[in-house]
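As a plain string of letters, each chain reads:
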Amino acid sequence: MHFEKLHSDMNEQFQKRELFEDAKKYAYDYLEKVKGMAVFPARESLCLLEKFSEAMPASPCSPHDILKILHEVGSINTVAQTGSRYFGFVNGGVTPVALAVKWLADVWDQNTALYVISPIAAKLEEVCEKWIVELFNLPEHTAAGFVSGSSTATICGLAAARNEILRKRGWDVAEKGMFGAPPIRVVVGQQAHSSVWKALSMLGFGRGNAEVVPVDEQGRMRTEALPPLDSNTLLLVQAGNVNGGAFDPIDEICGIANEAGAWVHVDGAFGLWAAACEHTRYLTKGMEKADSWSADAHKTLNAPYDCGIVLCKNTTALRNAMQASGSYIQYSENRDGMLYTPEMSRRARSVELWATLKYFGKSGIDALVNHLCGMAKYFAAGLAKNGFIIENEVVFNQIMVRCERSGETEALLQKIQSSGTCWCGGATWKNKPILRISVCSWRTTPDDIDECIKVFADLGRDTGK
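Reference entry: report on the structure contained in this document. All figures in this text were calculated on a predicted structure; none of them were measured in a lab.

Re the packing of helix α5 (residues 96-108) against helix α12 (residues 350-385)
Closest axis-to-axis distance for the α5/α12 pair is 8 Å, and the angle between their directions is 155 degrees. Accordingly, the angle class assigned to the pair α5 and α12 is roughly antiparallel. Where α5 crosses over α12, the handedness of that crossing is right-handed. Contact residues: α5 offers V97, A98, V101, K102, A105 and W108, while α12 offers V351, E352, A355, T356 and Y359.

Take a look at the structure:
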């Protein structure tokens, strides 16, 4: 086929807009049905995915057919995490305004590397940075980078820490690399998230070199067990345990670290948003004393995927760690996004983040966080009344629940996940299997929780709870 034909066809598709009307129709259909969908696809739906197992087409395909199969087979094989009864991984829902803005931003298809590539994306990053720093009550000149998620944000924060600690010892990582560099002490809690260990591995620290601090019964780092700290130390604390939601004693730990001159990074994928709510702010007390932070907007804030945030008190340290150079790169006096993130080519996630922050405002975010925490406590209380064992103090949006016997817990998890009514994940806590519930969607109501509690109780009786 000659490209002239493809060129003509694609121009016609833009002009006639029929393809986009199809997409709009399918999107509206999905939005209408998602609340009543099975939370996880049924077995017969999953079998239809084999329709995608085909050889690479030898010639162009109909764009209408492509959209049609995606809707007919793809839509029914999504997980309904934008509904109200998904409690699996810590996945937030999505607000209507953010979704609508994302549609518009997708049409823009902006690259946010430089101001000259996208002035609007650069401006909205600047505004989001200012708003988030204010919302979290962080030092005024804290810098923010907008990345795919908190896993990448953690890597960015730790890279800035690594380079700055070594710079103070006369070692330039960008120039000399890590071979022969002075060693850095890494201190981390026993219950640190897997993404922290991944970041330590990727940045050359090595998992085995970390000094691991024991935790209490809720998974909080025990302050009295901290090793002596110094200015050669990178200390990681947790704002929200991934299983039970517990927060390390941030204020006390940061006080000790500040006196020693250690760098503190706060891993707060979903928990950092506690700082934006009057009723939960006590959990993050003192976090402004840290040096860097990582968070996700697509969790507690309910912004669309993917939307991670790295924050760094030392702007120069973050920029130096992310720096790229080339004669073709045109930096400006405005914000150039690639100075704060690993990526050069990067979608304009700041657009929907800005829309979400603007829509809620401070009082709306306060209410959202309070709602999620309230729903979690309501859920836990209902499960306890039905004879389930709640393993954690429900201080935020996480619940750990189990049956009396391990085998029953594992059986119940399988039944819950295949029920279609709700979905939660599994984990191990104190060498026992648990069901892990994360209440993250703005859509979740007490009626949803009541329905889920009933499913737990009915299925629990079937497994002999």
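There's more to say after this.
Here's the deal with the sheet that holds strand β5 (residues 233-238)
The strand order across the open sheet built from 7 strands is β2-β8-β7-β6-β5-β3-β4, with neighbouring strands paired in mixed fashion. Each edge of the open sheet is held by one strand with a lone partner, namely β2 (143-147) and β4 (211-213). Geometrically, the sheet is characterised by an average inter-axis angle of 20 degrees between neighbouring strands, direction not taken into account. For strand β6 (residues 263-267) and strand β7 (residues 292-296), the ladder comprises 3 bridges, and the chain directions are parallel. Opposite H265, over in β7, you have S292 as the bridge partner. Packed on one face of the sheet, helix α7 (residues 150-168) meets β2, β5, β6, β7 and β8 (308-312) and runs near 180 degrees to β6.

Quick look at the sheet that holds strand β12 (residues 432-438)
Pairing is mixed across the open sheet formed by 5 strands, whose spatial order is β1-β11-β12-β10-β9. Unpaired on one side and paired on the other, β1 (86-87) and β9 (389-390) mark the two borders of the sheet. Strand direction decides the pairing type here: strand β11 (residues 423-429) and β12, joined by 5 bridges, are antiparallel. Counterpart to G425 in the pairing with β12 is R436. Packing of α12 onto the sheet brings it into contact with β1, β9, β10 (398-402) and β12, and relative to β10 it is tilted by some 10 degrees.

Details of α12
Helix length check: α12 (36 residues) gives 43 Å between terminal C-alpha atoms against 52 Å at 1.5 Å per residue, more than 12% under. At G361, α12 shows its strongest bend, of approximately 90 degrees. Positive backbone phi, at 90 degrees, marks G387, one or two positions downstream of α12.

Side note on helix α11 (residues 315-322)
Of the residues making up α11, those classed as buried are A317, L318 and M322. Within α11, the buried residues cover an arc of 120 degrees as seen down the axis, which keeps them to one side. On its buried face, α11 is in contact with β2, α7, β6 and β8. Structurally, the start of α11 carries an N-cap: the backbone nitrogen of T316 is 3.1 Å from a side-chain oxygen of N314.

Re the pairing of β5
For β5, the tally of buried residues reaches 6 of 6 residues, placing the bulk of the element in the interior. As paired elements, strand β3 (residues 185-189) and β5 share 4 bridges and run parallel to each other. The partner of V188 across the bridge, within β5, is L236. Here β5 runs beside β6; their pairing, made up of 5 bridges, is parallel. Along β6, the bridge assignment pairs Q238 with D267. For the crossover that starts at β5, traverses helix α10 (residues 250-260) and ends in the parallel β6, the hand is right-handed.

Description of the environment of A161
Tracing the sequence through the fold places A161 in helix α7. Distance in space between the C-alpha atoms of A161 and H265 is 8.2 Å, their sequence separation being 104 residues. Apart from the residues within four sequence positions on either side, A161 is in contact with L234 and W263.

Structural notes on the packing of α12 against helix α14 (residues 446-462)
Remark: α12 packs on α14, axes separated minimally by 10 Å, with the N-to-C direction vectors making an angle of 30 degrees. By the angle class used here, α12 and α14 are roughly parallel. Crossing handedness for the pair α12 and α14: right-handed. For the pair formed by α12 and α14, the contact residues are M375, Y378, F379, G382 and L383 on the first element and P446, I449, D450, C452, I453 and F456 on the second. Taken together, the residues of the contact of α12 with α14 sort by class into 9 nonpolar, 1 polar and 1 charged.

Some details on the nonpolar core
Nonpolar side chains tend toward joint burial in soluble globular proteins. Membership of the largest hydrophobic core comes to 79 residues, with the highest contact counts inside it found for F136, L311, L353, F379, I437 and F456. Sorting elements by how many residues they give to this core places α12 first, with 13 residues. In contact with L311, not counting residues within four places along its chain, are I132, V133, F136, L138, T142, A143, A144, L272, D291, S292 and W293. Judged by nonpolar contacts, the second largest core, of 34 residues, contains V186, A192, L200 and V310.

Quick word on the state of the cysteines
Formally, a disulfide is one covalent bond, and it connects the sulfur atom of one cysteine to the sulfur atom of another. Tallied over the entire structure, the rule returns 0 disulfides. You can see C156 has no disulfide; the closest cysteine sulfur is in C312, sitting 9.9 Å from it. Cysteine C277 shares no disulfide, and the gap to the nearest cysteine sulfur, in C373, comes to 6.3 Å. Assessed through its relative accessible area of 0%, C277 is described here as buried.

Some points on the pattern of salt bridges
In this structure the tally under the stated criterion is 27 salt bridges. In this structure, D448 and K35 form a salt bridge, with 3.8 Å as the shortest nitrogen-oxygen distance. Here D448 is found in helix α14, whereas its partner K35 is found in the loop between α2 (18-33) and α3 (43-47), with 413 residues between them in sequence. Close ionic contact of K454 with D458 constitutes a salt bridge, the shortest N to O distance being 2.8 Å. Of this pair, K454 and D458 both sit in helix α14, 4 residues apart, roughly one helical turn. Since its relative accessible area comes to 53%, K454 is described here as exposed. A single network of salt bridges, built from pairs that share partners, joins E125, E129, R335 and R346.

Rules and cut-offs
- Residues numbered from 1 in each chain as written.
- Predicted model: local features only at pLDDT ≥ 70, side-chain atom pairs only at ≥ 80, totals over all residues.
- Heavy atoms only, no water.
- Axes fitted to C-alpha atoms, helices over the stretch in contact; angles between N-to-C directions.
- Helix = DSSP H or I, 4+ residues; strand = E, 2+ residues; numbered from the N terminus.
- Parallel < 35°, antiparallel > 145°, perpendicular 65-115°, else oblique.
- Left-handed = near helix turned anticlockwise from the far one by under 90°.
- Contact = heavy atoms within 4.5 Å.
- Pairing = 2+ DSSP bridges.
- Expected span 1.5 Å × (residues − 1).
- Bend = angle between axes of the 7 residues up to and from the residue.
- Buried < 20%, exposed > 50% of the residue type's maximum accessible area, 1.4 Å probe, protein only.
- Arc of directions from axis to C-beta.
- Polar contact = N/O pair within 3.5 Å; in protein donor to acceptor, adjacent residues only side chain to side chain.
- Right-handed = clockwise from strand over helix to strand, strands pointing away.
- Nonpolar A, V, L, I, M, F, W, Y, C, P; charged D, E, K, R; others polar.
- Core = buried A, V, L, I, M, F, W, Y, C linked by side-chain atoms within 4.5 Å.
- Disulfide = S-S within 2.5 Å.
- Salt bridge = Lys/Arg side-chain N within 4 Å of Asp/Glu carboxyl O.

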